[in-house]
Amino acid sequence: VTFTAPKVEQVLAPGCDRTGELIVVPIGSPASLWENDPNAWLSLTQPEDFSPLYAPRARGAHKGDFGHVLVIGGAQGKGGAAAMAGLAALRAGTGLVTVAAADEERRTVTSLAPELMTQSVSGDRDGMNVLAIGPGLGNDPDWVAMARRLFVSAPQSMVVDADGLNALAGTEFRGPGPLRVLTPHPGEMSRLAGQSVAQIQSARVETARAFAMDRNVVLVLKGQRTVAAFPDGEVWINPTGTPAMATGGSGDVLTGLLAGTLAQFPNAARQAVLAAVWLHGRAGELAAQQLTEPCVIATDLLRFLPEAIRELPALPH
């Protein structure tokens with residue numbers, strides 16, 4: 001039991017490992033105590049922060065109302081990564097998803113989900129409102145150059161992961177204006193920031209915040225208690241997740257959930273990011289409870305996503 005608000009040590013490792021159920025009790029502390037706190041930029045994500053996004057849809061809604069995501073990736077032998085990201089975007093609720101992949105990988109994509117459309121990597125991007133670039137992109141020089149070019153010039157919002165991040169590493173990139181969400185794990189963050197993994201892990205919140213502000217991006221630094229940092233200096237700590245998610249493809253699923261949620265709610269980007277990260281972790285927890293930690297695979301997260309959404313605070317119908 002803690003008073004007034006959670007404490008940083010209770011929600012970040014290693015302290016969170018020694019905290020059981022955390023109950024916050026109000027004791028009449030005046031709001032000025034935290035409103036004037038120099039650390040007021042730091043928050044703990046709670047379902048109430050984003051649950052309004054999941055209000056019932058209008059009865060006359062159609063697929064065109066919920067966005068169109070383009071996933072760019074799926075080099076030879078890596079079509080599954082792009083397919084998982086595409087499927088996650090669909091499951092998140094976006095209206096349409098197209099996967100741009102190598103010619104020989106398109107059958108892999110549609111075999112995972114026939115609802116996914118496919119096209120060549122150089123295909124038309126008009127009509128898509130969110131790009132997700134990186135899952136299975138590979139290191140072909142032409143594709144790396146394309147990723148860098150799109151980061152700077154694409155008018156759409158963009159989620160960048162995996163090889164898309166590697167394409168940016170070592171360059172002096174900066175968000176061009178349209179939303180850019182980067183989702184590195186500590187190794188990728190090390191390459192982006194030019195710091196060791198140990199340095200990143202010892203100051204995750206501070207590193208993520210400084211990077212997001214300096215590069216004008218939303219930085220989702222994955223790991224135990226994923227940190228979401230925004231260009232205005234706000235940082236949110238995500239309390240959900242489990243070691244069961246330490247399996248290939250979990251990051252691709254997060255990329256798709258982010259892209260799919262952003263496609264539906266372009267005017268509520270901050271809430272969309274918080275929602276995707278929280279639900280990703282909660283679905284992992286539910287999967288681990290049912291399947292055991294060692295048995296969870298990435299696509300199981302999508303299987304338990306509806307249950308995670310059902311746990312959100314009830315909204316009026």
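Higher on the page you've got the structure.
Summarised in this report is the structure supplied together with it. (Residues numbered from 1 in each chain as written. Predicted model: local features only at pLDDT ≥ 70, side-chain atom pairs only at ≥ 80, totals over all residues. Heavy atoms only, no water.)

**Examining the packing of helix 3 (residues 79-92) against helix 10 (residues 250-264)**
Then, number 1: In the contact formed by helix 3 and helix 10, the axes pass within 7 Å of each other and the chain directions differ by 40°. In terms of orientation, helix 3 and helix 10 fall into the oblique class. At the point where helix 3 passes helix 10, the crossing takes the right-handed sense. Note on element contacts: helix 10 touches helix 3 through D252, V253, G256, L257, G260, T261 and Q264, opposite A81, M84, A85, A88, A89 and A92.
Then, number 2: Classifying every residue of the contact of helix 3 with helix 10 by side-chain character gives eight nonpolar, four polar and one charged. (Axes fitted to C-alpha atoms, helices over the stretch in contact; angles between N-to-C directions. Helix = DSSP H or I, 4+ residues; strand = E, 2+ residues; numbered from the N terminus. Parallel < 35°, antiparallel > 145°, perpendicular 65-115°, else oblique. Left-handed = near helix turned anticlockwise from the far one by under 90°. Contact = heavy atoms within 4.5 Å. Nonpolar A, V, L, I, M, F, W, Y, C, P; charged D, E, K, R; others polar.)

**Digging into the packing of aromatic side chains**
Geometry of an aromatic ring pair is reported as the spacing of the ring centres plus the angle between the planes.
Then, number 1: For the structure shown, the criterion picks out three aromatic pairs.
Then, number 2: Pairing F151 with F173 gives two aromatic rings, centres 5.5 Å apart and planes at 85°, and the pair type is edge-to-face. Remark: F173 occurs in the loop between helix 6 (163-168) and strand 9 (180-182) and F151 occurs in helix 5 (residues 141-153); sequence separation between them is 22 residues.
Then, number 3: Look at F173 and you get buried, because its relative accessible area is 7%.
Then, number 4: Between F173 and F211, the aromatic rings sit 6.0 Å apart at their centres with planes inclined by 55°, giving tilted as the arrangement. Here F173, found in the loop between helix 6 and strand 9, pairs with F211, found in helix 9 (residues 204-215); they are 38 residues apart in sequence, far enough to count as distant. (Phe/Tyr/Trp six-rings, centres within 6.5 Å; stacked < 30°, edge-to-face > 60°. Buried < 20%, exposed > 50% of the residue type's maximum accessible area, 1.4 Å probe, protein only.)

**Comments concerning the side chain of T183**
Then, number 1: As for its position among the elements, T183 is in the loop between strand 9 and helix 7 (186-193).
Then, number 2: Residue contacts for T183: discarding those within four places in its chain leaves V159, V160, D161, L165, E188, V220, K222, T255 and L258.

**Remarks on unusual backbone geometry**
Then, number 1: That bond from A13 to P14 is cis: its omega, 5°, falls within 30 degrees of zero.
Then, number 2: Summarising the element assignment, P14 is placed in the loop between helix 1 (8-11) and strand 2 (24-25).
Then, number 3: In this structure, N216 is a non-glycine residue whose phi angle is positive, near 55°.
Then, number 4: Mapping N216 onto the fold places it in the loop between helix 9 and strand 10 (218-221).
Then, number 5: Its identity is not glycine, yet R225 carries a phi of approximately 60°, on the positive side.
Then, number 6: Here R225 is to be found in the loop between strand 10 and strand 11 (227-229).

**Regarding the sheet that holds strand 9**
Then, number 1: If you trace the ten strands from one edge of the open sheet to the other, you get 3-12-11-10-9-8-7-4-5-6, paired in mixed fashion. With partners counted over all chains shown, the strands left at the sheet margins are strand 3 (42-44) and strand 6 (117-119), one partner each. Direction aside, neighbouring strands of the sheet carry axes that sit 20° apart on average.
Then, number 2: In the sheet, strand 5 (residues 96-100) pairs with strand 6 via three bridges, with the strands oriented parallel. Bridge assignment links T98 to a residue of strand 6, and that residue is M117. (Pairing = 2+ DSSP bridges.)

**Let's talk about the side chain of T45**
Then, number 1: Structurally, the position occupied by T45 is in the loop between strand 3 and strand 4 (68-72).
Then, number 2: Excluding its chain neighbours within four sequence positions, the residues that come into contact with T45 are F50, W236, I237, N238, P239, L274 and W278.

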